[in-house]
Amino acid sequence: MAVKFNGKYLNGFVTQAEFDNIYSQVELCHNVLHAKSGAGNDFLGWLDLPFEYDKEEFERIKKAAEKIRSDSDVLLVIGIGGSYLGARAAIEYLGSAQYNDLSDLKVYFVGNNISPDYMNNILKLCEGKRLSVNVISKSGTTTESALAFRVFKKLMEDRYGKEEAAKRIYATTDKARGTLKTLSDKEGYETFVIPDDVGGRFSVLTAVGLLPIAAAGFDIDKLMAGAQAACKEYETCTPDNDCYKYAAARNILLRKGKAIELMACYDPDWTLMNEWYKQLYGESEGKDQKGLFPASVIYSTDLHSMGQFVQDGSRTMFETVIDIKAPKQDFFLEEDPENADGLNFLANQNMSVVNANAMKGTILAHNDGGVPNIVVELDGKDEENLGRAIYFFEKACAISGYLLGVNPFNQPGVEDYKKNMFALLGKPGYEAQRDELLKKLGE
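Before going into details, it helps to say that this report is about the structure given with it. (Residues numbered from 1 in each chain as written. Predicted model: local features only at pLDDT ≥ 70, side-chain atom pairs only at ≥ 80, totals over all residues. Heavy atoms only, no water.)

## Structural notes on the overall build of the chain
Applicable threshold: Only DSSP runs of H or I reaching four residues or more are called helices, and only runs of E reaching two or more are called strands; each is numbered from the N terminus. To sort residues, take the accessible area from a 1.4 Å probe on protein chains only and compare it with the maximum for the residue type: under 20% means buried, over 50% means exposed, and anything in between is partly exposed. Residue contacts follow a heavy-atom distance rule, with two residues in contact if any of their heavy atoms lie within 4.5 Å. All accessible-area figures derive from a Shrake-Rupley calculation using a 1.4 Å probe, and residue coverage is judged against the displayed protein chains alone. Just so you know, the count uses Lys and Arg for positive and Asp and Glu for negative, and it drops His and the chain ends. By convention, charge coordinates are those of NZ in Lys, CZ in Arg, CG in Asp, or CD in Glu.
For the chain, the count of helices and strands is 18 helices and 12 strands. Reported as C-alpha extents along the three principal axes, the dimensions of the chain are approximately 65 × 60 × 55 Å. Buried positions account for 50% of the 443 residues belonging to the chain. In the chain, the share of contacts with a sequence separation of at least 24, taken over all contacts with a separation of at least 6, comes to 78%. Counting only carbon and sulfur atoms, one obtains 51% of the accessible surface of the chain, whose full area is about 20100 Å². Counting 50 positive and 65 negative side-chain charges, the chain places the averaged centre of each group 5 Å from the other.

## Overview of a negative patch on the surface
Stated precisely, the cut-off is as follows: A patch consists of residues exposed above 30% relative accessible area that lack any salt bridge, with like charges linked at up to 9 Å and nonpolar side chains (Val, Leu, Ile, Met, Phe, Trp, Tyr) linked at up to 5 Å. Salt bridge criterion: a side-chain nitrogen from Lys or Arg within 4 Å of a carboxyl oxygen from Asp or Glu.
A cluster of acidic residues, Glu335, Asp336, Glu338 and Asp341, forms a negative patch at the surface. Relative to the helices and strands, Asp336 resides in the loop between strand E10 (332-333) and strand E11 (349-350). Here Asp336 falls in the partly exposed class, since its relative accessible area comes to 35%.

## Things to note about the packing of aromatic side chains
Inclusion rule: Pairing of aromatic rings covers Phe, Tyr and the six-membered ring of Trp, with a centre-to-centre limit of 6.5 Å; geometry is then stacked below 30 degrees between planes, edge-to-face above 60, and tilted otherwise. By the criterion adopted, a ring carries a charge over it if an Arg CZ or a Lys NZ lies within 6 Å of its centre and within 35 degrees of its normal.
Per the counting criterion, the structure on display carries 19 aromatic pairs. Relative to Tyr391, the ring of Trp46 has its centre 6.1 Å away and its plane inclined at 55°; by these criteria the two rings are tilted. Of this pair, Trp46 sits in the loop between helix H1 (16-35) and helix H2 (49-52) while Tyr391 sits in helix H16 (residues 383-404), placing them 345 residues apart in sequence. Taking relative accessible area as the criterion, Trp46 reaches 1% and is therefore assigned buried. On the accessibility criterion, Tyr391 (1% relative accessible area) is buried. Of the aromatic side chains, those joined through ring pairs into one cluster are Tyr234, Tyr246, Tyr277, Tyr281, Phe392 and Phe393. Its guanidinium or amino end placed over the ring of Tyr160, Arg168 lies 4.6 Å from that ring's centre, counting from NZ or CZ. Cation over ring: Lys427 sits above Phe422, and NZ or CZ is 4.1 Å from the ring centre.

## Observations regarding the layout of surface pockets
What counts here: Cavity: a set of points on a 1 Å grid over the protein atoms alone where a 1.4 Å probe fits but cannot get out. Pocket: an open set with protein on both sides within 12 Å along at least five of seven lines, its lining residues, like those of a cavity, having an atom within 4 Å of a point. Grid points are joined across faces, edges and corners, and a volume is the space filled by probe spheres set on the points. Charged means Asp, Glu, Lys or Arg here, nonpolar means Ala, Val, Leu, Ile, Met, Phe, Trp, Tyr, Cys or Pro, and polar covers whatever is left, Gly included.
The volume enclosed by the largest pocket comes to roughly 1100 Å³. In terms of lining, the largest pocket is formed by 45 residues, of which the most central are Thr142, Gln411, Val414, Glu415 and Lys418. Those elements giving two or more residues to the lining of the largest pocket turn out to be helix H7 (143-160), helix H13 (271-285) and helix H17 (414-424). Among the elements that take part in the lining of the largest pocket, H17 stands out by supplying seven residues, more than any other. Here the residues of the lining of the largest pocket are counted per class, giving 15 nonpolar, 18 polar and 12 charged. Considering only enclosed or pocket space, the second largest pocket measures out at about 710 Å³ in volume. Along the walls of the second largest pocket sit 30 residues, with Tyr266, Ile324, Pro327, Ser352 and Asn355 positioned nearest its centre. Taken together, the elements giving at least two residues each to the lining of the second largest pocket come down to strand E9 (317-324), helix H15 (351-368) and strand E12 (373-378). Among the elements that take part in the lining of the second largest pocket, H15 stands out by supplying eight residues, more than any other.

## Notes on the pattern of salt bridges
One pass over the structure, following the stated rule, counts 32 salt bridges. Between Arg60 and Glu56 there is a salt bridge whose closest N-O contact spans 3.1 Å. Here Arg60 and its partner Glu56 are both found in helix H3 (residues 55-71), four residues apart, which amounts to about one turn of the helix. Look at Arg60 and you get partly exposed, because its relative accessible area is 24%. Residue classification places Glu56 among the partly exposed positions, given a relative accessible area of 47%. One salt bridge in this structure joins Lys67 and Asp71, with 2.7 Å as the shortest N-O distance. Of this pair, Lys67 and Asp71 both sit in helix H3, four residues apart, which is roughly one turn of that helix. Look at Asp71 and you get buried, because its relative accessible area is 14%.

## Some words on the packing of helix H6 (residues 116-125) against H7
So the rule is basically this: Helix axes use the C-alpha atoms of the stretch in contact, all axes being lines fitted to C-alpha atoms, and the angles between their N-to-C directions lie in the range 0 to 180 degrees. Should an angle fall under 35 degrees it is taken as roughly parallel, and over 145 as roughly antiparallel, whereas 65 to 115 is taken as roughly perpendicular and any remaining angle as oblique. Note on convention: the crossing is left-handed when the near helix lies turned anticlockwise from the far helix by less than a right angle, right-handed when the turn is clockwise.
Here H6 crosses H7 at 25°, and the two axes come no closer than 12 Å. For the element pair H6 / H7, the angle class is roughly parallel. H6 and H7 meet at a crossing whose hand is right-handed. Here Met119, Ile122 and Leu123 of H6 lie close against H7, whose contacting residues are Ala148, Val151, Phe152 and Leu155. Here the contact of H6 with H7 is built from residues that sort into seven nonpolar, no polar and no charged.

## Comments concerning the packing of H13 against H16
Taken N-terminus to C-terminus, the directions of H13 and H16 make an angle of 25°; their axes are 9 Å apart at the nearest point. In this view, H13 runs roughly parallel relative to H16, as classed from their interaxial angle. Like other packed secondary-structure pairs, H13 and H16 cross with a definite hand, here right-handed. Judged by residue contacts, Met273, Trp276, Leu280, Tyr281, Ser284 and Glu285 of H13 engage Leu386, Ile390, Phe393, Glu394, Ala396, Cys397, Ser400, Gly401 and Leu404 from H16.

## Considering the sheet that holds strand E4 (residues 131-136)
Going by this rule: Any two strands are treated as partners once DSSP identifies two or more bridges connecting them.
In space, the five strands of this open sheet follow the order E3-E2-E4-E5-E6, with parallel pairing throughout. One side of each edge strand has no neighbouring strand; the edge strands of this open sheet are strand E3 (106-110) and strand E6 (190-193). Recorded for the sheet is a direction-independent mean angle of 20° between the axes of neighbouring strands. Against the sheet, H6 contacts strand E2 (74-78) and E3, and its axis sits at roughly 155° relative to E3.

## A look at the nonpolar core
The line we're drawing: Definition used in this section: a nonpolar core is a set of buried Ala, Val, Leu, Ile, Met, Phe, Trp, Tyr and Cys residues joined via side-chain atoms within 4.5 Å.
Membership of the largest hydrophobic core comes to 97 residues, with the highest contact counts inside it found for Leu33, Trp46, Tyr246, Trp270, Ile322, Ile374 and Phe393. In terms of residues, this core owes the most to one element, H16, which gives 12 residues. Those residues in contact with Trp270, other than ones at most four positions away along the chain, are Tyr93, Met263, Cys265, Ile298, Ile322, Ile324, Leu378 and Phe393.

This is the structure:
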């Protein structure tokens, strides 16, 4: 069981000599990362997290998850960005995009947008249901999640009273300070810690992701076991380190003018993992006018919308294809005696075989069209494989960012939109900036 880099479909686009030549740079990045001497070294808690996590808190997470599953019909997870994407991605990958339709406990994610329609729809879904809330925020003042928590805190207290509501609200926040931590201590919420040295987009294997994942019914012991296996497998810098091969390949292709990485998967349950990948790499590498633009598709669905561009559009991209070797449950295709649709040539075999051949045929076609393809292979759709994949992409992101010459662990550009948003919304202290922005808008 492993996550594997398959470079077969890079032939003609990247040579072995190029891998050999970039290896010394990869080795330098590895040494800087493990010595914790590079940019952003105060946010490297994720690196050894699979072994160095808080074991006592881990047990509390499992107990809280059991309580939520026993006394709730709905778990509302309030967070945005790294406080939301990892957990949702894991739940939908392990449980399917139809998780809420198939599970007794519904998990709804709120506080990741400012849409009134979305809020009203979630409120309707909560009517007559037993509720628990997991609010996730380092500070407690992030606009989207804080606004949602204001709404659902009131709902919980109106429905249950303050004392009982406090037993159903779980806060994942800073260990010692911040608005949410202060409120949690005052109200008596059970709290879990967002480590100081783990950035949001790297936090899925902390309480940020583990509590919602466990509450959804998945085995976080196996998830961590997979991450531990990957941590050990990729801890040394050798030319056959698959994680480092991926980091090297994407940087080689970037230097050749491929400015877009298109992550593709032939399983729709990977859709939110695509979104997690886009935050992880976009927020880590998009700095100093550098970086690959992370985009994504789900095939074969998107072959009927994006396929033309990928095959025959501007040659600015490469694809990273996630090849999941085995579904959780296959589906056998039976023969139709009438064969009115002409599809009996697909009969008498499992649907996964059809899907795999669609993938192989598409990769070859895109190769012929001038699109390099990296293939990342996963053995199956279970907690251990997912834990391996999460750690694989996190570590590759760190190495790739250092190869690019940026700090992979900060996000200075994120603050710019917030300043404008606060000014336009009339937040105290932003009056002068508000006047300037209104002039620009002609209002």
